[in-house]
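Chains, contacts and geometry: an overview
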Amino acid sequence: MRRPRIVVIGGGAGSAAAVAELRKQGFDGSLTLVSAENTVPYERPPLSKGFLLGTSGQVPVKDAAWYEQASVELILGSRATRLDLAARTVTLSGGAVLGYDRLLLATGVRPRVLPGLDGDGVCYLRTGEDAAALRDRMTAAGHVAVLGGGFIGCEVAAAAVRLGKRATILEALPTLLHRALGPELGDIVAGIHRDEGVDVRTGQQVLGVRPRPGGGVRISTAVGDLDADVLVVGVGTVPNSELAGQAGLPAGHGIEVDECFATAAPGIYAIGDVAAQHLPGHGRRVRVEHHDTALRHGRVAARNMLGHREPFGDVHWFWSDQFDHTISSAGLIPESDGTGELVIRGSLEQRSFSAFSLDGDRVRAVISLNRPRDVLDARRLIARDHSATAGQLRDESLPLKRLAAPAVTAT
């Protein structure tokens, strides 16, 4: 009797979590993981932090020996190039054709590449190989410029300063982290970077980049030129959904999946950064690019691939370390009104606060600076029935956990 085969396409943390969960749940069929990279799946968050500083290496989610012990076939350095839904096969870049009974797409995202912003002296950051090349360039550089004031850009600039380099952030929007935090909170983060010595230039439109005589790059902006030894571009990502789109699966802004990670094709699931998931109650599809989310996606999807029907309802959570400060968040803020009016607990001036977004009497999201305990409590609160007012959230003498409704016990 033929053993069932599950194929996982993608070499990120979600893929590693999925194959581990499949074996944990007792799946004893053929299990194959295909990755375009030449190494086993690893942790990406350190790449823009400790890895650049030399305090962290490339940390595998599971070491190579685990895959051998768990009888997981690894096909590394190979891309999936064609998906045939009718034949239930995936063709790889080397020409191999893999049949599958169930397929998990965890193809992730890639950096958005801007026209004309490439060549020697220009770096993008996504993979371990990218990070190693950037670390070498930063070690030799005197001045590191960053295009984009999002999380990656801010973390790279912070690492550059920690390495004793000059650092400049060029951001087209009015503040750093503008889309994630809004103008008021983004200004606070910009102030942190300026206090640490980063030259933060907001409202800056980059017109072009050209090689500089003697090495490095000359960056042309609307207000003049800037010379740097290396330019790191961090202006967003593009989901790697082409494989699914070629096969006819809905994949406009990510591979569309339901609350259980199932795509429109029987037996095919998608997780992680590439998955545009339907979340009941949010009125939209959500694509979340966070390490912790990818891990939890992988575990839930694995169970669903084995016949469960387990909706993913975990509260999204992420963090970012910049200098000696930690930004963290839980929940999802609706796109329709951005951050909207936020309720502040703590002190903006002292850079120790949590900003809550309310929907009626429910907390729907929190963004925190240097108050991780608030985020942990709010994450639990969002997942439970609760009632909260702006006054209660501002009152630091009132523990957040007291806002949760009493648990109902069976009689």
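Residues numbered from 1 in each chain as written. Predicted model: local features only at pLDDT ≥ 70, side-chain atom pairs only at ≥ 80, totals over all residues. Heavy atoms only, no water.

Here the focus is the state of the cysteines. Here the structure, examined in full by the defined rule, presents zero disulfides. Not part of a disulfide, Cys123 finds its nearest cysteine sulfur in Cys154, a span of 18 Å. (Disulfide = S-S within 2.5 Å.)

An order of S4-S5-S6 is seen for the three strands of this open sheet, with the pairing classed as antiparallel. The open sheet is flanked by strand S4 (80-84) and strand S6 (97-99), the only strands paired with a single partner. Sheet twist, expressed as the mean angle between neighbouring strand axes with direction ignored, is 20°. In this structure, strand S5 (residues 89-92) lies alongside S6, joined through three bridges in antiparallel fashion. Opposite Thr91, over in S6, you have Val97 as the bridge partner. (Pairing = 2+ DSSP bridges. Helix = DSSP H or I, 4+ residues; strand = E, 2+ residues; numbered from the N terminus. Axes fitted to C-alpha atoms, helices over the stretch in contact; angles between N-to-C directions.)

Strand pairing in a sheet relies on backbone hydrogen bonds, with the paired strands running either antiparallel or parallel. Pairing is antiparallel in the open sheet, where three strands are placed in the order S13-S14-S15. Sheet topology places strand S13 (206-211) and strand S15 (224-228) at the edges, where each strand pairs with a single neighbour. Neighbouring strand axes in the sheet, compared pairwise and without regard to direction, differ in orientation by 20° on average. Direction of pairing for S13 relative to strand S14 (residues 217-221): antiparallel, over a ladder of five bridges. Bridge pairing in S14 places Val206 opposite Thr221.

Here the focus is the nonpolar core. Counting 50 residues, the largest nonpolar core has Ile9, Leu83, Leu103 and Leu105 as the members making the most contacts within it. A per-element tally of this core places helix H1 (residues 13-24) first, with five residues. Ignoring any residue separated from it by four or fewer positions in sequence, one finds Ile9 in contact with Ser15, Val34, Ala80, Val90, Leu103, Leu104, Leu105, Ala106, Thr107 and Leu243. In terms of nonpolar packing, the next biggest core, distinct from the first, is built from 41 residues, Leu52, Val161, Ala167 and Val198 among them. (Core = buried A, V, L, I, M, F, W, Y, C linked by side-chain atoms within 4.5 Å. Buried < 20%, exposed > 50% of the residue type's maximum accessible area, 1.4 Å probe, protein only. Contact = heavy atoms within 4.5 Å.)

What follows covers the packing of aromatic side chains. Following the criterion strictly, the structure yields four aromatic pairs and no others. Taking the ring centre of Phe51 as reference, the NZ or CZ of Arg135 above it sits at 4.2 Å. (Phe/Tyr/Trp six-rings, centres within 6.5 Å; stacked < 30°, edge-to-face > 60°. Lys NZ or Arg CZ within 6 Å of the ring centre and 35° of its normal.)

This part takes up helix H8 (residues 291-305). With 15 residues, H8 extends 21 Å from end C-alpha to end C-alpha; this agrees with the ideal 21 Å at 1.5 Å per step. Across the 15 residues that make up H8, a large majority, 14, are buried. Two residues or fewer after H8 comes Gly307, characterised by a positive phi angle close to 110°. (Expected span 1.5 Å × (residues − 1).)

Okay, the environment of Asp225 next. Its place among the elements puts Asp225 in strand S15. For the pair Asp225 and Gly208, spaced 17 residues apart in sequence, the C-alpha to C-alpha distance is 9.6 Å. Beyond its immediate chain neighbours, meaning those up to four positions away, Asp225 contacts Arg210, Arg218, Ile219 and Ser220. Among the polar contacts made by the side chain of Asp225, one reaches the side chain of Arg210 at a distance of 3.4 Å. For Asp225, the side chain forms a polar contact with the side chain of Ser220, separated by 3.2 Å. (Polar contact = N/O pair within 3.5 Å; in protein donor to acceptor, adjacent residues only side chain to side chain.)

Where strand S11 (residues 166-171) meets strand S12 (residues 199-202), four bridges bridge the pair, whose relative direction is parallel. Across the sheet, the residue bridging to Ile169 is Val200, located in S12. The β-α-β motif built from S11, the intervening helix H6 (residues 178-195) and the parallel element S12 has right-handed crossover chirality. (Right-handed = clockwise from strand over helix to strand, strands pointing away.)

Before going further, it helps to spend a moment on unusual backbone geometry. Its identity is not glycine, yet Arg351 carries a phi of approximately 55°, on the positive side. Note that Arg351 resides in the loop between strand S24 (343-347) and strand S25 (352-359). For Arg351, a relative accessible area of 23% puts it in the partly exposed group. Look at Asn370: it is not a glycine, yet its phi comes out positive at around 65°. Inspection of the secondary structure puts Asn370 in the loop between strand S26 (362-369) and helix H9 (372-382). For Asn370, a relative accessible area of 27% puts it in the partly exposed group.

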